[in-house]
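# Descriptive analysis of the structure
Residues per chain are reported as follows:
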There are 2 protein chains.
Amino acid sequence: MPQARVLEGAEAQLARYLRRRRLKFTPERRLILREVFEHHDHFEADALLVRLRGRGIAVSKATLYRTLALLVRAGLLRQELFGERHSHYEHILGHAHHDHVVCLRCGKVAEFSNKDIERLQDDICRRHAFRPQFHRMAIYGYCSECRDEEA
Amino acid sequence: MPQARVLEGAEAQLARYLRRRRLKFTPERRLILREVFEHHDHFEADALLVRLRGRGIAVSKATLYRTLALLVRAGLLRQELFGERHSHYEHILGHAHHDHVVCLRCGKVAEFSNKDIERLQDDICRRHAFRPQFHRMAIYGYCSECRDEEA
DNA sequence: CTTTATGCAAAGTTTTTGCAGATCA
DNA sequence: TGATCTGCAAAAACTTTGCATAAAG
C-alpha cells in the first residue's frame, strides 16, 4: 500500500470515528495524523513532538498525548511498551500484525510474524476459556551485529 | 520446591552474586529478599513496601528500588510491564518460565507455558541470527468471568 | 579503615488533568 | 450557540539520584 493511500485511509477512518461520536476533526488532529502516517512507522511520543516542532507545528504536549490516545481508540495506532517506561506507537492501518525482536545492546527492533504461534495462542485461549483481544510478544536478546560484543 | 527451600536458594544465590562483586549483604537486603521469597510470587514495588512496613520493617523507598534492581541483576527476579507504567516483579528462582494471559476488565493474570511456542521462537531467532536472552508474551482479552459482561 | 550502602528529600521522566479561553459542527 | 478542544501549567505516578552519614568486610 503506498504511503499516500495509507494517509488517505487513515484520515477517512478517523473522520468516521469522530463523526459517529460527534467529536471534532480539528487542525491539530489533522496535523498530528499527517505527521504520523506520512512517514514513520514506529515512534515515541516525544520524538513525534520534536519532529512536529521541527516542521513549525506547535501543538502542545497535552494535545499530542490526547490525540495519540484517540488514534489508539480509533484503531489506527497500537501502543507498545518494550520494557521501557514510555510508549512506542505503531501503525495498524497499512501494516499487518506482527511481533518484535528487540536488541538489548543497540535497541534495534525487528519485526516478525508467525502463523503457527498465533494458532497455538488461540489454542491456549480456548483452554483458558479466554476471549483474546490482542497480544504482545517480544523476544529480547542480541542482534547479529551485537552478539559478538557481548560476553 | 517448598518455599523455605526457595528462600534458602535465593539467599545463597544472592550471597554468591554479592561476594563475587565485593558488594555487601546488608540487613536491608536480607529483609527484602525474605519478604520477596517467603510468600508472594507476583508483586509491585509499592505493595511490597506496604507489606514490609506492615511487618515493622522500615526500609526506605530508595533502598527498596535499589534492591529490586539488584535482585533482577542477580537473576532472582524478573521485571515485567503489563502495559502499565509501573513494574511487576516475579520470582525466577523456584518458578519455571511462563507467559501471561491478562484480563482487560478485572486485571486478573493467569500463567501458561507452551513448549511448541518456545520452539517456534527459537526458529525465528535462528532465522534472524539473533541470540535470544528471554522473551515476554502476554495475551490480553477477557477471562471466562468477564467475557459475558463485555459488549 | 576503605568501600559500599542507607535514608532523606529533591529531581527526573513520562503522562495526565483542571481550567479558562478558543473553536468546530 | 453549545459541546468539544486546545494550551498552559500544575499534578500525578513511579522511579532515580545526590549527598551526608552509617555500616559491612
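Keep in mind it's a predicted model, so treat the numbers as computed, not measured.

On to the domain arrangement of chain A, then. All names here are of chain A. Looking at chain A, the domain boundaries give domain 1 (3-91) and domain 2 (99-150). Placing the centre of domain 1 and that of domain 2 at their C-alpha centroids yields a distance of 25 Å. In this assembly, eight residues from domain 1 lie in contact with six residues from domain 2. Interface area, domain 1 with domain 2, both sides summed: about 550 Å², of which 48% is carbon and sulfur. Summed over the three residues of domain 1 that lose the most area to domain 2, namely E80, F82 and E90, the buried surface amounts to 63% of that side.

Contacts to DNA strand D come from 24 residues, most closely from T26, R29, T63 and R66 of chain A together with Y65 of chain B. In DNA strand D, atoms within 4 Å of the protein come from the sugar-phosphate backbone in 68% of cases. A distance of 2.9 Å separates a base nitrogen of DNA strand D from a polar atom in the side chain of K24 of chain A. Taken together, the elements giving at least two residues each to the surface near DNA strand D come down to α2 (27-38) and α4 (61-73) of chain A together with α4 (61-73) of chain B. It is α4 of chain B that contributes the most residues to the surface near DNA strand D, four residues altogether. A class-by-class count of the residues in the surface near DNA strand D yields nine nonpolar, five polar and 10 charged.

Our focus in this paragraph is the relation of the copies chain A and chain B. Least-squares fitting of chain A to chain B yields an RMSD of 0.2 Å, with the transformation described by 0.1 Å of translation along the axis and a rotation of 179 degrees. On this basis, the relationship between the two copies can be described by a two-fold rotation axis. Rotation axis and chain A: the residue whose C-alpha lies nearest the axis is M137 of chain A, separated from it by 2.0 Å. Here 100% of the interface residues in chain A have copies in chain B that are interface residues too; the copies meet face to matching face.

Here the focus is the protein's contact with DNA strand C. Not every one of the 23 residues close to DNA strand C is listed here, only the nearest: K24, Y65 and S87 of chain A together with K24 and T63 of chain B. Counted by atom, the contact set of DNA strand C within 4 Å of the protein is 69% sugar and phosphate. The side chain of K24 of chain A places a nitrogen or oxygen atom 2.7 Å from a base oxygen of DNA strand C. At 2.7 Å from a phosphate oxygen of DNA strand C is found a side-chain nitrogen or oxygen belonging to T63 of chain B. Among the secondary structure elements, those contributing two or more residues to the surface near DNA strand C are α4 of chain A together with α2 (27-38) and α4 of chain B. The greatest single-element share of the surface near DNA strand C, amounting to four residues, is contributed by α4 of chain A. A per-class count over the surface near DNA strand C returns nine nonpolar, five polar and nine charged.

Think of a sheet as strands paired side by side through backbone hydrogen bonds, with each pair either parallel or antiparallel. Residues and elements named next belong to chain B. A sheet is described by the order of its strands in space; here three strands give the open sequence β1-β3-β2, paired in antiparallel fashion. The strands lining the two open edges of the sheet, one partner per strand, are β1 (42-44) and β2 (77-80). Averaged over all adjacent pairs, the angle separating strand axes in this sheet is 30 degrees, with direction ignored. For β2 and strand β3 (residues 88-91), the ladder comprises four bridges, and the chain directions are antiparallel. Pairing of R78 across the sheet is with E90, part of β3.

With that settled, consider the packing of α2 of chain A against α4 of chain A. A pair of packed helices is characterised by two quantities: the angle between their axes and the separation of those axes. All names here are of chain A. For the pair α2 and α4, interaxial distance at closest approach is 10 Å and the crossing angle is 70 degrees. The pairing of α2 with α4 is recorded here as roughly perpendicular in orientation. In terms of crossing hand, the pair formed by α2 and α4 is right-handed. Across from E28, R29, I32 and L33 in α2, the residues of α4 making contact are T63, L64, T67, L70 and L71.

About the cut-offs
- Residues numbered from 1 in each chain as written.
- Chains lettered and ligands numbered in written order.
- Predicted model: local features only at pLDDT ≥ 70, side-chain atom pairs only at ≥ 80, totals over all residues.
- Heavy atoms only, no water.
- Domains from an automatic or database assignment.
- Contact = heavy atoms within 4.5 Å.
- Buried area = accessible area lost by both parts, 1.4 Å probe.
- Near = heavy atom within 4 Å.
- Polar contact = N/O pair within 3.5 Å; in protein donor to acceptor, adjacent residues only side chain to side chain.
- Helix = DSSP H or I, 4+ residues; strand = E, 2+ residues; numbered from the N terminus.
- Nonpolar A, V, L, I, M, F, W, Y, C, P; charged D, E, K, R; others polar.
- Least-squares fit on C-alpha atoms with pLDDT ≥ 70 in both.
- Pairing = 2+ DSSP bridges.
- Axes fitted to C-alpha atoms, helices over the stretch in contact; angles between N-to-C directions.
- Parallel < 35°, antiparallel > 145°, perpendicular 65-115°, else oblique.
- Left-handed = near helix turned anticlockwise from the far one by under 90°.

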